[in-house]
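Below, each chain spelled out in residue letters.
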Amino acid sequence: MVSYHPEENKIYENDGTGVFTDTGKSFPSSIVWGDFNSDGLVDIFDKIAGKGYRTLLNDGTGLFTESWSMHDPKAVRSFGDSGDIDNDGDLDIVMSNGGRNDPDPTMVFLNDGKGNFTDSGQELFAAKFGRVGLDDLTGDGYLDAVIMSSGLPNQVWINDGTGKFINTGISLQDNNAFLSCAFGDFDGDGDLDFFFSHFFGGRNQLWFNLINDK
């Protein structure tokens, strides 16, 4: 799961009856949630602008402790998504980069199963204020990526099954900004289509995947 809130994120604790209490904990806006050490608890992968990346592991009481970090002074507030990219049973991260005016390559971080990440060295779409959506777009069991950008066409990258992404050359829309992408089989043909929500007041868009129409 990924958070797109423009400011800090807060954690509210549910008492079991649907009543939520502010825990006082807050984190930067560029957060990806997931169980990164496979202990059944939800952890945090976040990016701090001008500093870099880190993993915060949940101890089961809602207390988060930093377990891994990577310095990157070029890090800016942009967003990513989590999924098992290399099919080894743990959650990896695809994280976009670049500000509103300065595009930077999207990065792929591989998880060792304990919440420690390694930069794979891949440089995907250099988006501006980017977002990422991961799902199996080709029906081969591997997670592919849709990378969204402000002011640049969205792109589709296909996973070769080893965690390496290949640019399809497909560009979706032009000169717009989309907040998020939802996947679903909207036309009932057995493959995943894309629904984009617009960021600056434009129209939301639905794009159909034609892979099963060939």
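Going by the structure above, here's the rest.
The shown structure was predicted, so the numbers you read here are calculated from the model rather than taken from an experiment. (Residues numbered from 1 in each chain as written. Predicted model: local features only at pLDDT ≥ 70, side-chain atom pairs only at ≥ 80, totals over all residues. Heavy atoms only, no water.)

A. Broad picture of the side chain of N209. Within the fold, N209 resides in the segment after β17 (205-207). In this structure N209 comes out as buried when scored by relative accessible area, which is 11%. Separated by 2.9 Å, the side chain of N209 and the backbone oxygen of L137 make a polar contact. In this structure the side chain of N209 is engaged in a polar contact, spanning 3.0 Å, whose partner is the backbone oxygen of L192. Ignoring anything within four residues of it in the chain, the contact list for N209 reads L137, D189, D191, L192 and D193. (Helix = DSSP H or I, 4+ residues; strand = E, 2+ residues; numbered from the N terminus. Buried < 20%, exposed > 50% of the residue type's maximum accessible area, 1.4 Å probe, protein only. Polar contact = N/O pair within 3.5 Å; in protein donor to acceptor, adjacent residues only side chain to side chain. Contact = heavy atoms within 4.5 Å.)

B. Expanded view of the sheet that holds strand β3 (residues 30-34). The four strands lie next to each other as β3-β4-β5-β6, forming an open sheet whose pairing is antiparallel. Looking at the sheet topology across the chains shown, the edges are occupied by β3 and β6 (64-71). For this sheet the average axis-to-axis angle between neighbouring strands, irrespective of direction, equals 20°. The pairing of strand β4 (residues 43-48) with strand β5 (residues 52-58) spans five bridges and is antiparallel. The residue of β5 that forms the bridge with K47 is Y53. (Pairing = 2+ DSSP bridges. Axes fitted to C-alpha atoms, helices over the stretch in contact; angles between N-to-C directions.)

C. The arrangement of the packing of aromatic side chains in detail. Following the criterion strictly, the structure yields eleven aromatic pairs and no others. With a centroid separation of 5.1 Å and 75° between ring planes, the pair formed by F45 and F117 is classed as edge-to-face. Highlighted residues: F45 in strand β4 and F117 in strand β10 (residues 117-127), separated in sequence by 72 residues. One exposure class covers both F45 and F117, and it is buried. A centroid spacing of 5.9 Å and a plane angle of 75° characterise the contact between F79 and F129, whose relative ring orientation is edge-to-face. Separated by 50 residues along the polypeptide, F79 in the loop between β6 and β7 (80-83) and F129 in the loop between β10 and β11 (131-135) bring together distant segments of the chain. Just as F79 is buried, F129 falls in that class too. (Phe/Tyr/Trp six-rings, centres within 6.5 Å; stacked < 30°, edge-to-face > 60°.)

D. The arrangement of the sheet that holds β10 in detail. Taken in spatial order, the four strands line up as β7-β8-β9-β10 in an open sheet, and their pairing is antiparallel. Strands at the two margins of the open sheet, each flanked by one partner only, are β7 and β10. In this sheet, adjacent strand axes meet at a mean angle of 20° when their direction is disregarded. Alignment of strand β8 (residues 92-98) against strand β9 (residues 103-111), held across five bridges, turns out to be antiparallel. Within the sheet, the bridge partner assigned to V94 lies in β9 and is V108.

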